[in-house]
Structures are given as structure tokens and as C-alpha cells.
Amino acid sequence: MNRIFFYPDNAGYVLFTERALQHMYAYAQRRFWQKEAGGEIFSSEPDSCGLIVSAATGPNPSDYRSRYSWNPDIHASYENRQFEYTQNKHAVGLWHTHPERSPSPSGLDRKTTSEYLDSFRGERSCYLMAIIGNHGSIPAMVVWAANYGAFDEWIQLKEAR
């Protein structure tokens, strides 16, 4: 089952395919001993206003993970990105889990996402942050977009029901 999130002005959307979602859901922190996990999300059409996220990578064995934090291994993330690129998929954002029912981004989440967006040096105008919560048979999920050149401009996308 896919999930679709719309920008507030309905001028664009992000559709997460079942394949990408199942990968991310597998790491939902449903038990107190489970650690945060994360990675990148990918699309074949990174500049489309109708973005389809068809793949998710991570976590990597060498990532730093604890109950309340996830810090990716940059080299392993780079290798994942290069592989996905050979499959005609481009990085369009980050995903990670939170040990809460209704996830919301922390200051560190925003900083990390902005740093990834800045690393594209203007080649991307937007980078997504998807957070998977720990409640429900289909976990809660929030999606935010960071805009290039506007460090503090964050837009929360709304899920279609």
C-alpha cells in the first residue's frame, strides 16, 4: 500500500511506494531496546512535482545508533547512493525512526537534513525528511521538506487520507 503526502498549496506531492515503506517500517522502534535507524530515500525523477519515492536504503552496520539517535556512516551512505544511481535513482531525502507515537523532527534532524541538502551545492532545491513513528499497524509517519537557500524554511507535507 502506497502513501501520498501533499505540499500545503497542493502544487506537488510525494508518493512513497510500498517497497520503500516496507523497508522503513521494518525498523520502527516498537520495543524499548530497539535503536533508531535511518538512511536515504530515492526517486527516478528527483525534480518532478509529483515525486515517487521508490527505494530506501540504510541503516548500515557501521552507522551509530542508539535509542534516541542515528548518525549515518558517510562512506557507507555514499556507496548506497552510488549503487542507487546505477539504477537511475537519485537521493531526494533522509528517513529515520523515532521512539514516539507521533514523530516530530528535532533540531538535529533539521540540521542534518539541511547539511545533506547543502552538499548538493544548488543542484537540488529541496530535500525531504521522513520520520517513522512506533505506533499502529501502519506506523505514524511525517514528511517535511527543507528548501535550498532558506535554511529555516521547512514545509510539513500533509498525508492524503
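Above: the structure in question.
Residues numbered from 1 in each chain as written. Predicted model: local features only at pLDDT ≥ 70, side-chain atom pairs only at ≥ 80, totals over all residues. Heavy atoms only, no water.

Before we move on, can you summarise the environment of Phe120 with the specific residues and values?
Tracing the backbone through its elements, the reader meets Phe120 in the loop between helix 3 (107–119) and strand 9 (126–132). When its relative accessible area of 16% is taken as the criterion, Phe120 is described as buried. For Phe120, the residues in contact, after removing those within four places along its chain, are Ala91 and Tyr127. (Helix = DSSP H or I, 4+ residues; strand = E, 2+ residues; numbered from the N terminus. Buried < 20%, exposed > 50% of the residue type's maximum accessible area, 1.4 Å probe, protein only. Contact = heavy atoms within 4.5 Å.)

Describe unusual backbone geometry, with residues and values.
Gly58 connects to Pro59 through a cis peptide bond whose omega is -5°. For Asn10, which is not a glycine, the phi torsion comes out positive at approximately 60°. One can find Asn10 in the loop between strand 1 (3–6) and strand 2 (13–16). Given a relative accessible area of 57%, Asn10 falls into the exposed group. Notably, Asn88 is not glycine yet its phi reads approximately 65°, a positive angle. The residue Asn88 is located in the loop between helix 2 (74–86) and strand 8 (90–97) in this model.

Summarise the pairing of strand 1; cite the residues concerned and give the values.
Side chains Arg3 and Phe5 project from strand 1 onto a buried face, and the interleaved Ile4 and Phe6 project onto a face without burial. As defined by bridge partners, strand 1 adjoins strand 2 across four bridges and the pair is classed as antiparallel. Residue pairing for strand 2: Ile4 is matched across the bridge by Leu15. What sits between strand 1 and strand 2 in their antiparallel hairpin is a turn of six residues, with Asn10 showing a positive phi close to 60°. Pairing of strand 1 with strand 11 (residues 154–159) involves two bridges; the strand directions are antiparallel. For Phe5, the partnering residue across the bridge sits in strand 11 and is Glu159. (Pairing = 2+ DSSP bridges.)

For the nonpolar core, give the residues involved together with the corresponding values.
With 25 residues, the main nonpolar core has Phe16, Met24, Ile41, Leu128 and Met141 as its most contacted residues. Breaking this core down by element, the ones donating at least two residues are strand 2, helix 1 (18–25), strand 4 (50–53), strand 8, strand 9, strand 10 (141–147) and strand 11. Those residues in contact with Met141 that lie beyond four places of it in its chain are Arg3, Phe5, Phe16, Leu21, Met24, Ala130, Ile131, Ile132 and Glu159. Ranked by size, the runner-up nonpolar core spans 15 residues in total, among them Phe42, Ala91, Tyr116 and Trp144. (Core = buried A, V, L, I, M, F, W, Y, C linked by side-chain atoms within 4.5 Å.)

Lay out the pattern of salt bridges in plain terms, naming residues and giving numbers.
Pairs may arise between side chains of opposite charge once their charged atoms sit close together. Counted by the stated rule, this structure contains three salt bridges. The closest approach of N and O atoms between Arg81 and Glu40, which form a salt bridge, is 3.0 Å. Residue Arg81 is found in helix 2, and its partner Glu40 is found in strand 3 (residues 38–43); the two are separated by 41 residues along the sequence. Glu115 is the partner of Lys111 in a salt bridge, and the nearest nitrogen-oxygen pair spans 2.5 Å. Here Lys111 and its partner Glu115 are both found in helix 3, four residues apart, which amounts to about one turn of the helix. (Salt bridge = Lys/Arg side-chain N within 4 Å of Asp/Glu carboxyl O.)

Break down the side chain of His98 for me, citing the residues and quoting the values.
The residue His98 is located in the loop between strand 8 and helix 3 in this model. Separated by 2.7 Å, the side chains of His98 and Glu100 make a polar contact. At 3.3 Å, the side chain of His98 forms a polar contact with the backbone oxygen of Ser104. Residue contacts for His98: discarding those within four places in its chain leaves Gln29, Glu36, Pro103, Ser104, Pro105, Ser106, Asp109, Ile131, Ile132, Gly133 and Asn134. (Polar contact = N/O pair within 3.5 Å; in protein donor to acceptor, adjacent residues only side chain to side chain.)

Break down the sheet that holds strand 11 for me, with residues and values.
Strand order across the open sheet formed by nine strands is 4-2-1-11-10-9-8-3-5, with mixed pairing between neighbours. In this open sheet, the two strands that pair with only one neighbour each are strand 4 and strand 5 (55–56). Packing against the sheet, helix 2 makes contact with strand 3, strand 5 and strand 8, and its axis sits at approximately 20° to strand 3. Here helix 3 sits on the sheet and contacts strand 3, strand 8, strand 9, strand 10 and strand 11; the angle it forms with strand 9, its principal contact strand, is near 145°. (Axes fitted to C-alpha atoms, helices over the stretch in contact; angles between N-to-C directions.)

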